[in-house]
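Listed below are the residues making up each chain.
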Amino acid sequence: EIYTLSLHDALPISLVSDCRSLDDQYRAEVQQMTAHSESAARLRHLRLNLISDADIAQIGASRKQLLASYGIFTAADIEVYKIQNIRGFGDVLTSNLLGWKSFVNAQFRFDPTSALSPAELGSVAARFRQRQHQFLSESNRLVDSLESLALPSRATVQKLITAIKPCVVRYYQAEADLMLLNIAP
């Protein structure tokens, strides 16, 4: 009776490789989330700066009301294409608004250490811990499966050795007989 291993040869190697790459995947995901949080924080900063509270050259209360009527309330709302559609806003006023937006944007300071909340980091870590446990569980299952094959495999090898021994003896006897007959093997 011959036992064959029904597991895919690449599966254990793949499990080990996938498990080893978890740390790099985790770091990449946190880095991506941090980058996204920086752009979100920048947008929040721009939205907190109201045009109505700002001192912008040649933009008085009436022009601020006109901007508001077009949905432009904060530094985040200032875009060239939006301003150019407003009657009375030429290149100079558009440049003044864009200059103020650049000034506000330059005041933004991002702190990457506080970019992600502990809850966000905990959620990502929990997801990767779960994947790690899945890999380890599958690895343990494969080890158990291989260990269960060890005893039957040894028994099969012993049977084969027992069956082969008489054949080897007969081969050497046949080789010796041929040499006695002066026939080269």
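In this text the structure is predicted, and so the values were computed from the model without any measurement.

Participant: For this particular structure, what's the right way to read the environment of asparagine 85?
Facilitator: Here asparagine 85 is to be found in the loop between α4 (80–84) and α5 (91–106). For the pair asparagine 85 and histidine 36, spaced 49 residues apart in sequence, the C-alpha to C-alpha distance is 31 Å.

Participant: I'm lost on the pattern of salt bridges in this one. Help?
Facilitator: Where charged atoms from two side chains of opposite charge approach closely, those side chains can pair. Applying the stated criterion to the full structure yields 5 salt bridges. Across the salt bridge formed by arginine 42 and glutamate 38, the nearest N and O atoms sit 3.8 Å from each other. In this pair, arginine 42 and glutamate 38 are both assigned in helix α2 (residues 22–48), 4 residues apart and thus about one turn of the helix distant. For arginine 42, a relative accessible area of 27% translates into the label partly exposed.

Participant: How should I be thinking about the packing of aromatic side chains in this particular structure?
Facilitator: What describes a pair of aromatic rings is the distance from one ring centre to the other and the angle between the planes of the rings. Inspection of the entire model under this criterion finds 3 aromatic pairs. Taking 5.6 Å as the distance between ring centres and 85° as the angle between the ring planes, the aromatic pair formed by tyrosine 26 and phenylalanine 128 counts as edge-to-face. One end of the pair, tyrosine 26, is in helix α2; the other, phenylalanine 128, is in helix α6 (residues 118–180), with 102 residues separating them in the sequence. Taking the relative accessible area as the measure of exposure, tyrosine 26 reaches 24% and is therefore partly exposed. Of the residues examined, phenylalanine 128 reaches a relative accessible area of 7% and is grouped as buried. With a centroid separation of 5.5 Å and an interplanar angle of 65°, the aromatic rings of tyrosine 171 and tyrosine 172 are classed as edge-to-face. Judged by relative accessible area, tyrosine 172 falls into the exposed class, the value being 51%.

Participant: Would you explain the nonpolar core in this entry?
Facilitator: Proteins that are soluble and globular tend to have nonpolar side chains buried together. In terms of nonpolar packing, the biggest core is built from 17 residues, with Leu67, Phe89, Leu97 and Trp100 touching the most fellow members. The element best represented in this core is α5, accounting for 4 residues. Not counting residues within four places of it along the chain, the set of residues in contact with phenylalanine 89 comprises Ile59, Arg63, Leu66, Leu67, Ile83, Thr94 and Leu97. Membership of the second largest hydrophobic core comes to 8 residues, among which are Leu15, Leu22, Val30 and Phe128.

Participant: Would you take a moment to explain the side chain of serine 37 for this structure?
Facilitator: By the element assignment, serine 37 lies in helix α2. Under the relative-accessibility criterion, serine 37 is labelled buried at 11%. Excluding residues within four positions of it along the chain, serine 37 makes contact with Phe110, Ala115 and Leu116.

Participant: It is not clear to me how α2 should be interpreted in this structure. Could you clarify?
Facilitator: Turn by turn, an α-helix covers 3.6 residues, leaving residues three or four places apart pointing in a common direction. Taking 1.5 Å as the rise per residue, α2 with 27 residues should run 39 Å; its terminal C-alpha atoms sit 38 Å apart, in good agreement. Those residues of α2 lying buried are Leu22, Val30, Thr34, Ser37, Ala41, His45 and Leu46.

Participant: So what exactly am I meant to see when it comes to a nonpolar patch on the surface here?
Facilitator: A cluster of nonpolar side chains, contributed by Leu160, Ile164, Val168, Tyr171 and Tyr172, occupies part of the molecular surface with about 500 Å² of accessible area. Relative to the elements of secondary structure, tyrosine 172 occurs in helix α6.

Participant: Can you help me understand the packing of α2 against α6 in this one?
Facilitator: Think of two packed helices as two axes; the pair is described by the angle between the axes and how far apart they sit. At a minimum axis distance of 11 Å, the contact between α2 and α6 shows a crossing angle of 160°. The angle between the axes of α2 and α6 places the two elements in the roughly antiparallel class. Seen from above, α2 lies across α6 with right-handed handedness. Here Leu22, Gln25, Tyr26, Glu29, Val30 and Met33 of α2 come into contact with α6, specifically with Glu120, Leu121, Val124, Ala125, Arg127, Phe128, Arg131, Gln132 and Phe135. Across the contact of α2 with α6, the residue classes break down as 9 nonpolar, 2 polar and 4 charged.

Participant: Explain unusual backbone geometry to me, please; I cannot follow it from the model alone.
Facilitator: Among all residues save glycine, negative phi is the norm, and among peptide bonds the norm is trans. Not every positive phi belongs to a glycine, and glutamine 58 is a case in point at roughly 65°. Positionally, glutamine 58 belongs in the loop between α2 and α3 (61–69).

Basis of the calculations
Residues numbered from 1 in each chain as written. Predicted model: local features only at pLDDT ≥ 70, side-chain atom pairs only at ≥ 80, totals over all residues. Heavy atoms only, no water. Helix = DSSP H or I, 4+ residues; strand = E, 2+ residues; numbered from the N terminus. Salt bridge = Lys/Arg side-chain N within 4 Å of Asp/Glu carboxyl O. Buried < 20%, exposed > 50% of the residue type's maximum accessible area, 1.4 Å probe, protein only. Phe/Tyr/Trp six-rings, centres within 6.5 Å; stacked < 30°, edge-to-face > 60°. Core = buried A, V, L, I, M, F, W, Y, C linked by side-chain atoms within 4.5 Å. Contact = heavy atoms within 4.5 Å. Expected span 1.5 Å × (residues − 1). Patch = residues over 30% accessible without salt bridge, like charges linked within 9 Å, V, L, I, M, F, W, Y side chains within 5 Å. Areas by Shrake-Rupley, 256 points an atom, 1.4 Å probe, with all protein chains shown as cover. Axes fitted to C-alpha atoms, helices over the stretch in contact; angles between N-to-C directions. Parallel < 35°, antiparallel > 145°, perpendicular 65-115°, else oblique. Left-handed = near helix turned anticlockwise from the far one by under 90°. Nonpolar A, V, L, I, M, F, W, Y, C, P; charged D, E, K, R; others polar.

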